[in-house]
Amino acid sequence: MEVYRISGLTVGSEIALPGLCVETGGSALPDVTIRRAPVPRALAASSAAGPTWQIAGGQFLLRVPGVARFLLSEGRDIAFELEPGGEPADIPVFILGTAFGILLHQRERIVLHASAVRVNGKAILFCGSSGAGKSTLAAVLAQRGFPLVTDDVCAITIGSAGTPIVHPDGRQLKLWAQAIERLELAGSRGERVRNRLEKFYVEPGEAFTEALPLGAVYALREARPPHAPAIELPNVVDAALLLRRNAYRPQLLNRMGQEAGYFHAATAIANSAGIFQLTRRFDFQAMLEVVSGLEQHWLDIGLMDKAA
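Note that the structure is predicted; figures quoted are calculated from it, not measured.

Criteria and cut-off values
Residues numbered from 1 in each chain as written. Predicted model: local features only at pLDDT ≥ 70, side-chain atom pairs only at ≥ 80, totals over all residues. Heavy atoms only, no water. Helix = DSSP H or I, 4+ residues; strand = E, 2+ residues; numbered from the N terminus. Buried < 20%, exposed > 50% of the residue type's maximum accessible area, 1.4 Å probe, protein only. Polar contact = N/O pair within 3.5 Å; in protein donor to acceptor, adjacent residues only side chain to side chain. Contact = heavy atoms within 4.5 Å. Salt bridge = Lys/Arg side-chain N within 4 Å of Asp/Glu carboxyl O. Pairing = 2+ DSSP bridges. Axes fitted to C-alpha atoms, helices over the stretch in contact; angles between N-to-C directions.

Moving on to the side chain of T150. By secondary structure assignment, the location of T150 is in strand 11 (residues 148-150). For T150, a relative accessible area of 1% corresponds to the buried category. A polar contact is formed between the side chain of T150 and the backbone oxygen of V153, at a distance of 2.9 Å. What T150 contacts, discounting residues up to four positions off in sequence, is A114, S115, A116, D169 and R171.

Quick look at the structure:
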C-alpha cells in the first residue's frame, strides 16, 4: 500500500495515484484508506439522492457510469468497484477529484474548486469551474517563481483564532496539451490524466506541501460585455455567494449539511484575507497582463513587498 499526502491528510491507497508525492517515513495509521472492494448499487434507507449518488448516514455512494462505483464512509474510507467496461487506469482521476472532494465534505472541511500558489508565505487561491483556467494561471505563476500549493481541489480549515488555513499536498498540475505547448512545458509533461483525454500531469517544479495561512481568494470570470478586465472587491453578501458557488460540487452542500459552515468560512476569509472577483480575457496573449495585474494587486493589499 502506497502512502500519500492529500489535502493535509495521510492516505493509504491500494492503487497508485499519479500526480501525487509518495510519503516516506512514519508508521501511523492513515487518516484515509483507498481500497478495492464490493460496492453496492444502492444504499438502504438513503436520506438524499441524485441521478448518480445517494447518502445514508455517514455513507456516500457515487456512481460514474461506465467507469466505477465509489463508497465513501465517514470521511475515512473510499472503496471502489469497476463497472462493466470500466478501465482501471481511469479510477485515480475520479478518486482524486470528485470522490476525495466529497470525502472532505464528510470531514466538514471547506473544499473549493481551486488551484493555488504560495506568495510571501501565504496561499493564494484561484477558483472557477472546469475550463476557467485555474491550472493554467497557476502554471504561469509557478514559472514566475510562485510555488504551486494545490491544483483543482483546495481544502481549508478555520483555525482557533479564526485564521483560514490551506492544506496542500504537492500534487502535480493537470494541463491540456495546448496549454503545455504554449507554456513550453513539454519537458515536464507526465502521463495522461485519463485514457483518450489530451490532458496530462505536469511537474510544476517547486511545490509547497506545508499548511499555509490563506492570503486571498480570486474567483475567475471571463471578460465579456458588460464585464471588463479588473480585480474587484465584492460586498460581504456577494463574497459569501462567490465562495459557495466555487465550492467543490456546490449542489451537495445543503444535502450534506455544509451551508452554515461555508457562510462562516466566507466571513472569516473576507475578514482575514479577502475574496475578490478577477475578470480576465481567456487567451494566452493576455496572460502576462493578468499576472502583472495580480502582482500589482498583491503589492496594493500588502501580500507582497517590492523586494519580493
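Counted under the stated rule, the structure contains 14 salt bridges. A salt bridge links R69 to E83, with the nearest nitrogen and oxygen atoms 3.1 Å apart. With R69 in strand 7 (residues 68-73) and E83 in the loop between strand 8 (77-82) and helix 1 (91-106), this residue pair connects regions lying 14 residues apart in the sequence. According to the relative accessible area criterion, R69 is buried, its value standing at 5%. Here the salt bridges share partners, and the residues they tie into one network are R41, R63, R69, E81 and E83.

What follows deals with the pairing of strand 6 (residues 59-64). Direction of pairing for strand 5 (residues 53-56) relative to strand 6: antiparallel, over a ladder of four bridges. In the strand pairing of strand 6, W53 is matched with L62. With six bridges joining them, strand 6 and strand 7 adopt antiparallel strand pairing. Considered in strand 7, the bridge of F60 is made with L72. Connecting strand 6 to the antiparallel partner strand 7 that follows it, the hairpin turn spans three residues, and G66 within it adopts a positive phi of roughly 75 degrees.

Below, the discussion takes up the sheet that holds strand 7. Spatially, 1-2-3-8-7-6-5-4 is the arrangement adopted by the eight strands of the open sheet, whose pairing is mixed. For this open sheet the edge positions go to strand 1 (2-6) and strand 4 (48-50), each flanked by a neighbour on one side alone. Adjacent strand axes in the sheet meet at a mean angle of 15 degrees when their direction is disregarded. In this structure, strand 3 (residues 32-36) lies alongside strand 8, joined through four bridges in parallel fashion.

Turning next to the environment of S188. Looking at the secondary structure, you find S188 in the loop between helix 3 (177-182) and strand 15 (189-192). For S188, a relative accessible area of 27% translates into the label partly exposed. Separated by 15 residues in the primary sequence, S188 and E203 place their C-alpha atoms 5.2 Å from one another. Look past the residues within four positions of S188 in its chain and what remains in contact with it is Y201, V202 and E203.

A cis amide bond, omega 5 degrees, links P225 with the succeeding residue P226. Mapped onto the secondary structure, P226 falls in the loop between strand 17 (212-222) and strand 18 (230-232). Positive phi, close to 50 degrees, is recorded for S7, a residue that is not glycine. Residue placement: S7 occurs in the loop between strand 1 and strand 2 (9-13). Look at R249: it is not a glycine, yet its phi comes out positive at around 55 degrees.

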